[in-house]
Amino acid sequence: ERRTLDLVLDNSDGALRHDPFDGFWYDKIIRLYRGIKYWTVDDISGKAVQTEYEACVGVFMIDRIDAQYFPHTISVTGRDFTKKMLTSKLERSLQFPAGTAIEDVIAAVAANAGIFGTILPNTGLTVDSTTVFERGTARWAVCKQVANAANHELFFNATGYLTMRPFRDPTTSPTEYTFQTGPVIGNLIDYKKSSNDARVFNHIVVSGDDEVNSDSSGSSTNIVFAEVRNE
């Protein structure tokens, strides 16, 4: 999954009922938006004008719901629609004819998993007829293998559409998201800094074979050894 969800919802008014009978349950889809409100001054009237802007940052299926009695909150975790394709398995072995376009394969397999919103370009690339997928294989694994073999990545975008595109070179591709802190240019509402000493050592020993001084059998005649301490 490219996008995951972790929310704590205020339920002090009891509007969310954690039960399967017309309540807040796993058949629900959460569409998460983030936006801003800002004011500008109209050049003609001189009055302040409020403008709103929002964007969808993800569409999620629910994995877990925890309802807490006090404080009255509901915690929700979820994943994007990749979950639907991961939990949908092939009923029988599957093989596509040679020459089938990879976007047609992905669209067909995704549709069998209940995914119909797709953004799949016409690549002109086809699948190899020797590729066979066994019964019980997750449909996501089928689509991902077909896409990766053609040097394409597959993911669900922020609006919930199954998207395929060529892998991007990180050295030449433009930056898509920039996360910064600060009162002027910051776009993070919160952040947490954490560290631990799991890989901090005060005594390290390194050893290995001396490949230069080896006998005719290839065995090393010397052991290279180094040690460092920080007291």
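Read on for a plain summary of the structure. Predicted, not measured: the structure shown is a model, and the values here were computed from it. (Residues numbered from 1 in each chain as written. Predicted model: local features only at pLDDT ≥ 70, side-chain atom pairs only at ≥ 80, totals over all residues. Heavy atoms only, no water.)

### Overview of the pairing of strand E4 (residues 73–79)
Pairing analysis gives 7 bridges linking strand E1 (residues 4–10) to E4, with the strands arranged antiparallel. The residue bridging Val8 from the neighbouring strand is Ser75, located in E4. Where strand E3 (residues 48–68) lies against E4, 7 bridges are found, and the strand directions are antiparallel. In the sheet register, Arg64 faces E4, and the bridge partner there is Thr77. Here E3 hands over to E4 after 4 residues, the two strands then running antiparallel side by side. (Pairing = 2+ DSSP bridges. Helix = DSSP H or I, 4+ residues; strand = E, 2+ residues; numbered from the N terminus.)

### Here's the deal with the pattern of salt bridges
Tallied over the full model, the rule gives 12 salt bridges. Between Asp19 and Arg17 there is a salt bridge, with the nearest N and O atoms lying 2.8 Å from each other. The partner of Glu91 in a salt bridge is Arg139, with the nearest N and O atoms 2.9 Å apart. In this pair, Glu91 is assigned in the loop between helix H1 (82–86) and strand E5 (94–95) and Arg139 in helix H3 (residues 139–149), connecting sequence segments 48 residues apart. Here Glu91 falls in the exposed class, since its relative accessible area comes to 52%. Here the salt bridges do not stand alone but share partners, grouping Glu1, Asp63, Arg79 and Lys83 into one network. (Salt bridge = Lys/Arg side-chain N within 4 Å of Asp/Glu carboxyl O. Buried < 20%, exposed > 50% of the residue type's maximum accessible area, 1.4 Å probe, protein only.)

### Observations regarding the packing of helix H2 (residues 102–112) against H3
It is at 9 Å that the axes of H2 and H3 come closest, and there the two elements cross at 170 degrees. Accordingly, the angle class assigned to the pair H2 and H3 is roughly antiparallel. Along the contact surface, H2 presents Ile102, Val105, Ile106, Val109, Ala110 and Asn112, while H3 presents Arg139, Val142, Cys143, Val146 and Ala147. Its residues placed into classes, the contact of H2 with H3 shows 9 nonpolar, 1 polar and 1 charged. (Axes fitted to C-alpha atoms, helices over the stretch in contact; angles between N-to-C directions. Parallel < 35°, antiparallel > 145°, perpendicular 65-115°, else oblique. Contact = heavy atoms within 4.5 Å. Nonpolar A, V, L, I, M, F, W, Y, C, P; charged D, E, K, R; others polar.)

These figures capture arrangement, not role.
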